[in-house]
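# Fold and contact review
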Amino acid sequence: MKKEKIYLEYDLNSKSERILWSLISTAEGLQKWIADDVDDQGDIMEFTWGELHREHETRVANILKRVKNKLIRLQWEDDADTDFYWQMEIEKSDLTGYYTMKVTDHALPEDLDTLRDIWDNNLEQLHRTSGV
């Protein structure tokens, strides 16, 4: 079965491009809201959920595109050789001066609601840990 593309948009409580860019593009930033541990290896990032010495899950993502202060596009290793990726893009509102985050991701049709919930939970964690 083919995965479907999903678009999500979240309002952020920040006017700082620099802070938001660090939260979506660095291991330290992503650890605050995406995974328990993130290891940046240049063009590859390794994401771990759970404790390393206990039950945990690790996934590797290749960085397909990085536009400084704008967007990062990643592809899970098991989606290599496909058109499936996930992307986080920050965009400033001309009206308010605040940023929004636009998320693009892919999932099987039966997993779309779960994927939305995962992103909603991730953004709640981002708000709690960083205030944005």
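This text follows the structure it describes.
To keep things clear, this report deals only with the structure shown in the data block.

### As for the overall build of the protein chain
Scanning the protein chain for helices and strands turns up 3 helices and 7 strands. Computed over its C-alpha atoms, the radius of gyration of the protein chain comes to 15 Å, within 12% of the 14 Å expected for a compact globule of 132 residues. A principal-axis box enclosing the C-alpha atoms of the protein chain has dimensions of 40 × 35 × 25 Å. The buried share of the protein chain, reckoned over its 132 residues, is 39%. Counting only contacts in the protein chain whose residues sit at least 6 apart along the sequence, the fraction spanning at least 24 positions is 45%. When the accessible surface of the protein chain is totalled, it reaches about 7900 Å², and 44% of it is carbon and sulfur. Between the mean site of the 17 positive side-chain charges and the mean site of the 29 negative ones, the protein chain shows a separation of 8 Å.

### Points about the nonpolar core
Nonpolar side chains tend to gather and get buried jointly when the protein is soluble and globular. With 34 residues, the main nonpolar core has Trp33, Phe47, Leu74, Met88, Met101 and Trp119 as its most contacted residues. Ranked by the residues each element gives to this core, the list is headed by helix H3 (residues 112–130), at 5 residues. In contact with methionine 101, not counting residues within four places along its chain, are Leu8, Glu9, Tyr10, Leu12, Ile24, Trp33, Met88, Glu89, Leu123 and Leu126.

### Observations regarding the sheet that holds strand S2 (residues 37–40)
Ordered by their spatial adjacency, 7 strands build an open sheet running S1-S7-S6-S5-S4-S3-S2, and the pairing between neighbours is antiparallel. In this open sheet, the two strands that pair with only one neighbour each are strand S1 (4–11) and S2. Averaged over neighbouring strand pairs, the angle between their axes works out to 25° when direction is ignored. Strand contacts of helix H1 (residues 17–25): S2, strand S3 (44–50), strand S4 (56–67), strand S5 (71–76), strand S6 (86–92) and strand S7 (99–107), with the helix running at about 175° to S6, the strand carrying the most contacts.

### Overview of the side chain of glutamate 89
Tracing the chain through its elements places glutamate 89 in strand S6. With a relative accessible area of 15%, glutamate 89 lands in the buried category. Separated by 3.1 Å, the side chains of glutamate 89 and lysine 70 make a polar contact. In this structure, glutamate 89 is in contact with Lys70, Leu71, Thr100, Met101 and Lys102, ignoring residues within four places of it in sequence.

### Quick look at the pairing of S4
As judged from the 7 bridges shared by S3 and S4, these two strands associate in the antiparallel manner. Within S4, the residue paired with phenylalanine 47 across the bridge is arginine 59. Bridging between S4 and S5 involves 6 bridges; their strand directions are antiparallel. In the strand pairing of S5, lysine 65 is matched with arginine 73. Connecting S4 to the next strand, S5, in antiparallel fashion are 3 residues, including asparagine 69 with a positive phi near 60°.

Procedures and definitions
- Residues numbered from 1 in each chain as written.
- Predicted model: local features only at pLDDT ≥ 70, side-chain atom pairs only at ≥ 80, totals over all residues.
- Heavy atoms only, no water.
- Helix = DSSP H or I, 4+ residues; strand = E, 2+ residues; numbered from the N terminus.
- Rg over C-alpha atoms; globule rule 2.2 N^0.38 Å.
- Buried < 20%, exposed > 50% of the residue type's maximum accessible area, 1.4 Å probe, protein only.
- Contact = heavy atoms within 4.5 Å.
- Areas by Shrake-Rupley, 256 points an atom, 1.4 Å probe, with all protein chains shown as cover.
- Lys, Arg positive; Asp, Glu negative; His and termini not counted.
- Charge placed at Lys NZ, Arg CZ, Asp CG, Glu CD.
- Core = buried A, V, L, I, M, F, W, Y, C linked by side-chain atoms within 4.5 Å.
- Pairing = 2+ DSSP bridges.
- Axes fitted to C-alpha atoms, helices over the stretch in contact; angles between N-to-C directions.
- Polar contact = N/O pair within 3.5 Å; in protein donor to acceptor, adjacent residues only side chain to side chain.

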